[in-house]
Amino acid sequence: MLLYCSMRPNPISVYPLVTKFKSHLYIGTCSWNYPEWQEIGIYSQKQSKHYEYLPEYAEHFNSAEVDQWFWSLESPELVRLPKQEDVEAYARLTPDTFRFSVKAPNSITLTHFYKQASKEFAEKPNPHFLSTKLMTAFTKSLEPLKGKIGVIVFEFEYLNKSKMPSLDAFLDRVGPFLDDLPGDHEYAIEIRNPNFLKEDISELVKKLIPKKFDVYANFNNHLEGSAPLSIRKLLEALA
């Protein structure tokens, strides 16, 4: 006989930990559109639109990663920017203390089109790579979220030698781009090349928090099958 027991744990709240670290630690998930989180006390009911979960979500976490705007590169001529309905809803449905980590469009961070793209431009150079013009259009579309964007994240894929021969070559390309960015946002870089990382990440985080740098920790569902449960483990470890 197989017995199945479903337990509903206490709702997960990040705010006691945030107070401990003087509001320099922002914890959230990489997405929040998971109706099944009703089972772990995050949501009380299923919503018809993804942003309608935000008011309840913000009762438990002080940050969230927005990654749906990352998938933007359609063709050399077509790049999708955020829907204004979504941007305005994110601003309206979260408290003033809430912060979003926003993934910049992959149309800016991809050196080449994916090999799964249409045959006519698959694996060909991306003309929008590190485009300041496109970045300006993107940040303009985010204006309703002014004050709630904690950081804009540039996610770079694993860069092989044919795409980026070295760390120095990467810095030579990215440095001038970063210098030209608007100064009214904070920016971060996410890279997939282990050899580009020159310091242990966990040690770096330990240095940053006491120095009052803002640290954003966004969890996906991979470890525990549910991001809030992974966050619970982190909170228990840091308590």
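Further up the page is the structure itself.
Calculation criteria
Residues numbered from 1 in each chain as written. Predicted model: local features only at pLDDT ≥ 70, side-chain atom pairs only at ≥ 80, totals over all residues. Heavy atoms only, no water. Helix = DSSP H or I, 4+ residues; strand = E, 2+ residues; numbered from the N terminus. Polar contact = N/O pair within 3.5 Å; in protein donor to acceptor, adjacent residues only side chain to side chain. Contact = heavy atoms within 4.5 Å. Buried < 20%, exposed > 50% of the residue type's maximum accessible area, 1.4 Å probe, protein only. Pairing = 2+ DSSP bridges. Right-handed = clockwise from strand over helix to strand, strands pointing away. Arc of directions from axis to C-beta.

1. Here we look at the side chain of His-128
Looking at the secondary structure, you find His-128 in the loop between helix H4 (106–109) and helix H5 (132–141). One polar contact links the side chain of His-128 to the main-chain carbonyl oxygen of Pro-76, over a distance of 2.8 Å. Setting aside anything within four residues of it in sequence, one finds His-128 in contact with Leu-73, Ser-75, Pro-76, Val-79, Ser-107, Ile-108 and Leu-134.

2. Section: the pairing of strand S4 (residues 149–155)
Burial runs high along S4: seven of the seven residues are buried. In this structure, strand S3 (residues 99–103) lies alongside S4, joined through four bridges in parallel fashion. Pairing of Val-102 across the sheet is with Ile-152, part of S4. For S4 and strand S5 (residues 187–190), the ladder comprises four bridges, and the chain directions are parallel. Paired with Phe-154 across the strands is Ile-189, a residue of S5. Each parallel crossover has a hand, and for S4 linked through helix H6 (residues 167–179) to S5 it is right-handed.

3. Quick notes on unusual backbone geometry
Here Glu-123, not a glycine, exhibits a phi torsion of approximately 65°, which is positive. Exposure remark for Glu-123: the relative accessible area of 54% places this residue in the exposed category. Of note, the phi angle at Leu-130 is positive, near 55°, even though the residue is not glycine. Its location among the elements puts Leu-130 in the loop between H4 and H5.

4. Examining H5
Buried within H5 are the following residues: Leu-134, Met-135, Phe-138, Thr-139 and Ser-141. Each buried residue of H5 sits inside an arc of 155° when the element is viewed along its axis, so together they form one side. The exposed set on the far side of H5, more than 90 degrees from its buried face, consists of Lys-133 and Lys-140. Elements in contact with the buried residues of H5: helix H3 (84–92), S3, H4, S4, H6 and S5.

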